[in-house]
Amino acid sequence: MTLLSIKGVSKRFRGLTAVDRVDLDVASGEIWGVIGPNGAGKTTLFNMIAGQLSPDAGSIELAGRSIHGLSPDVICRLGIGRTFQLVRPFRGLSVEDNVIVGSLLRHAKVGDARERAHELLRRVDLYAKRGQIAASLTLPDRKRLEVARALATGPKLLLLDEVMAGLRPTEADRMVAALRELNRDTGMTIVLIEHVMRAVMALANQILVLHHGAAIARGRPETVVRLPAVIESYLGTDALA
Amino acid sequence: MPLDVYLNVAISGLLTGLVYGLMALGLSCIFGVVRIVNFAHGEMMTAAMYIAVVLFQAFGLDPLIAMVPIAAVLFVFGYALQRGVINSFVTRPESTQFLLMIAIAIIIVNALLITFGPDARGVQTSYAYDSYALGPLIVDATKLYAAVAAILVAAALFGFFRFTLTGTAIRACADNHTGALVVGLDVRHLYALTFGLGAACVGAAGSMLVLLVDVTPALGPAYTLLAFIIVITGGLGSMGGALVGGVLIGLTEAIAGLVFTPSAKSMFSFAILVLVLLFRPVGILGRTAR
Amino acid sequence: MRALTRDLSRRSIVLLAALLAVLLALPLVANDYQITVLVLILYLAYVGQAWNIMMGFAGLLSLGHALYVGLAAYLSGLLFKDYGISPWLGLLAAIPLSASAGAMISFLAFRFRVTGVYFAILTIAFAEFARIGFDHLAIVNGSGGLFLPVAQNPRSDLWLLRGPPTMFYYVILAATVVAALLSRALLGSRIGYFWLAIREDEQAARATGIDTFRYKTAAVVISAGVTAFAGVFYAFYYNNLFPEQVFNISRSIELIIGPIIGGLGTLFGPVVGAFLLTGLSELLTGTLAALGFDLPGARQVLYGSCLLLVILVLPGGVWPFLARRLRLDGGRR
């Protein structure tokens, strides 16, 4: 079943075409990696899916329903959770409260929301730090927190924007494992923007490559990373080693 | 009412508006560069007005001449304030900066109240009742001189920013803070300089205004609000906008005072403010992108 | 009750109970003047809490809160003066009035994306509007002032709020306690969490599914509605209303200094702030009087200086600092 359907989506900022007629069909349960050089339009694409920006052209549908131009909170309620490239936790609130804010979307009572938050914190291995203030967390922990908070909103589709950036290889591996587990246990559909290729290769069953706003390749990871266009624009021959 | 009454009132409003514009110019400078919302602006001007009164009563110094030392005093005050206190606040949330200036405003106004008492004080120059006749129009000498002085000071400021090296450096800081740091500009000094200049404008405007209006401590908050109305209407960060806004508000108040009651005239200014905030928050001459 | 005392340490509950007991007993030992000072303290504490809902919880800076006080004061005052209607019934009309004003302002502001400092200026504009408008409103006698008929006998009439300062003291004490409980309940509720999220990072809050427009409006409306009681109290305590005083911007600023000094967003901040400020200012005027000075404006200089000091040195406010020292915080905020 196609969960997310993006057709011919474009975005221009005055003279610059940030996203150029991109198509993407994400089936339920799939994990898509979106890769490409900086400035390729990846985050802009995410911003359009999640509602922070409105597409200039094209359509975006979630489970058959158009989400074009809806505001971010409505889109979140409809089932899309996202993390930000530069993490944005609620700094003054505790780890626990950060996630409770998310789970309150689906649980009217604070008590229930708190229980759900605890479950999720355990899943991302932050339960022990639940009383800590978010501002005092290390970067990897903040990333985990943001994932937990996004998950708390009960999404059908999770958008992760460079969630591995700044993580050491062991930390990145842990994050990959947690995400894989999530996908396996709950069938969560995930689309992730990533530069850390090892994470992409380990997680994604499909990859989309963007360059100058346009989709230049898509398909299974092993195939895509060998395409000359992809190597030339982004990966470089060393990446194949 | 006959047309020339309207015209006279309009001219009067326009001239007063130019002085308001100079005051607002100071605010615009400060906000445009240092990005501090100076909630003590009107209070600083009231202080300047009092200094003018004191100098006049003690030495018989005409406010238009006293303008120079007063502007200098306020320049020093502004520089010290920015360098000493406000600089450490640049990274704090907006509302905290705002509250800082509110605190300073409260202290200034009430210090003035304690020193001078609540009664109005004025300046009675030798030409206080003179006027010029231009056909059917009658223009008050005081308003004319004040307006001319305001234009001269504004022009000097424009010239400074446009043609001097320091002025260009300041504009660079406003444009790109990090970039300015990278090329080695002493941003803290330049910020302080700008605040000082803004304060100097206020000082000059105050000495001019005291020719037109008697001063009481209560004027402080009233003029702060007026300055904000003008600057927001004309365009926050736009120097030309401050003058345009000043003239517009001066005119509106004058005509409104004539058509309705004088005490209701500020209602129109507030109405304009609300409309601008809602429909064109960048103001008439404001830039949209930052 | 459990929900309200959750994560308050044993120590703080005991201290609170003791404080309440002291406050209840004070009129027995205080003279009339001291009681009027206490009434002022509690009035500021009450209004500070109402304002805190908007600012401390949702992060919306209102510098025109006197608008809500004034509207409620005038409405209830007028209903009493012309129709003999009890302030408690007048309150039922005043709350919707103030709340509607809040709804209108927030609708305009949020619909047109007016935020931060611009929002604050907008709130000032509306209060000024009311001030000038009421000055010309014949039905409330404009700048001439609205005077409430004062009862001749000194008996306490709670229904009409006529009586000695002591009666008013207990009324405002009860109100302050209710406001504190309300704040606590709100803070721990779903809406409280959403407000804190909005205060911390509005964009992230929206990405987490929160309808920020709705909840920001709720903060303004609730804050305005709670403030209405203060307006009614003001009218019946002072018995005279002048637009110039009631809607004045210094009123609006006066009532925010307490919560800021005490601690924004905390439960006891407004109360601590009110006590501190009024206490200090009484000390100041007392000392000046003893030295033979009568300086109008001295209190305000004190307020401004305290505000400055707190902003520079203790940005979180006095209460969080005190609470840490006294080891009172078991609460998360």
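Everything below is about the structure printed above this text.
Residues numbered from 1 in each chain as written. Chains lettered and ligands numbered in written order. Predicted model: local features only at pLDDT ≥ 70, side-chain atom pairs only at ≥ 80, totals over all residues.

Caption draft 1: Structural detail: the environment of Arg144 of chain A. Residues and elements named next belong to chain A. In this fold, Arg144 is placed in helix α5 (residues 139–152). Here Arg144 falls in the buried class, since 26 other C-beta atoms lie within 10 Å of it. What Arg144 contacts, discounting residues up to four positions off in sequence, is Val124, Asp125 and Leu126. (Helix = DSSP H or I, 4+ residues; strand = E, 2+ residues; numbered from the N terminus. Buried ≥ 20, exposed ≤ 12 C-beta atoms within 10 Å, placed from the backbone. Contact = placed C-beta atoms within 7 Å.)

Caption draft 2: Representation of the interface of chain C and chain B. Residue-level contacts link 34 residues of chain C with 29 residues of chain B. Listing elements by their share of the side of chain C that touches chain B, those giving two or more residues are α6 (116–135), α12 (249–262) and α14 (298–313) of chain C. In terms of residue count, α6 of chain C provides more of the side of chain C that touches chain B than any other element does, 13 residues in total. Taken together, the residues of the side of chain C that touches chain B break down into 25 nonpolar, seven polar and two charged. (Nonpolar A, V, L, I, M, F, W, Y, C, P; charged D, E, K, R; others polar.)

Caption draft 3: A look at the sheet that holds strand β1 (residues 2–13) of chain A. All names here are of chain A. Spatially, β2-β1-β4-β5 is the arrangement adopted by the four strands of the open sheet, whose pairing is antiparallel. A strand with exactly one partner marks an edge of an open sheet, and here the two such strands are β2 (16–27) and β5 (65–66). Here strand β4 (residues 57–62) runs beside β5; their pairing, made up of two bridges, is antiparallel. Each bridged residue has a counterpart across the sheet, and for Leu62 the counterpart in β5 is Arg65. Against the sheet, helix α1 (residues 42–50) makes contact with β1, β2 and β4, and its axis sits at roughly 60° relative to β2, the strand it touches most. (Pairing = 2+ DSSP bridges. Axes fitted to C-alpha atoms, helices over the stretch in contact; angles between N-to-C directions.)

Caption draft 4: Representation of the packing of helix α11 (residues 265–279) of chain B against α6 of chain C. At a minimum axis distance of 9 Å, the contact between α11 of chain B and α6 of chain C shows a crossing angle of 150°. Taken together, the axis directions place α11 of chain B and α6 of chain C in an arrangement best described as roughly antiparallel. Judged by the twist between their axes, the crossing of α11 of chain B over α6 of chain C is left-handed. Of the residues in α6 of chain C, those in contact with Ser266, Met267, Phe270, Leu273, Val274 and Leu277 of chain B of α11 of chain B are Tyr118, Leu122, Ala125, Glu128, Phe129, Ile132 and Gly133 of chain C. Grouping the constituent residues of the contact of α11 of chain B with α6 of chain C by class yields 10 nonpolar, two polar and one charged. (Parallel < 35°, antiparallel > 145°, perpendicular 65-115°, else oblique. Left-handed = near helix turned anticlockwise from the far one by under 90°.)

Caption draft 5: Structural view of the interface of chain A and chain C. At the junction of the two partners, chain A supplies 23 residues and chain C supplies 18 residues. Residue assignment for the side of chain A that touches chain C shows that the elements contributing at least two residues are α2 (72–78) and α3 (95–103) of chain A. Partitioning the side of chain A that touches chain C into residue classes produces 11 nonpolar, five polar and seven charged.

Caption draft 6: Quick peek at the pairing of strand β2 (residues 137–140) of chain B. Residues and elements named next belong to chain B. Direction of pairing for strand β1 (residues 131–134) relative to β2: antiparallel, over a ladder of four bridges. Counterpart to Ala133 in the pairing with β2 is Ile138. Where β1 folds back on β2, the antiparallel hairpin that results is connected by two residues, among which Gly135 adopts a positive phi of roughly 65°.

Caption draft 7: Just the sheet that holds strand β9 (residues 206–211) of chain A, in detail. Residues and elements named next belong to chain A. The strand order across the open sheet built from six strands is β6-β7-β8-β3-β9-β10, with neighbouring strands paired in mixed fashion. Edge strands, defined here as strands with exactly one partner in the open sheet, are β6 (80–82) and β10 (214–219). Within this sheet the neighbouring strands show an average axis-to-axis angle of 20°, counted without direction. Here strand β3 (residues 31–35) pairs with β9 via four bridges, running parallel. Of the residues in β9, the one forming a bridge with Gly33 is Ile207. Along the sheet, helix α9 (residues 228–235) makes contact with β3, β9 and β10, crossing β10 at roughly 125°.

Caption draft 8: Main features of the environment of Leu208 of chain A. Residue and element names in this part refer to chain A. Following the sequence through the fold, Leu208 ends up in strand β9. The class of Leu208 is buried, set by 25 C-beta atoms lying within 10 Å. Distance in space between the C-alpha atoms of Leu208 and Arg218 is 4.4 Å, their sequence separation being 10 residues. Apart from the residues lying within four places of it in its own chain, the contact partners of Leu208 are Leu24, Trp32, Val34, Ala215 and Arg218.

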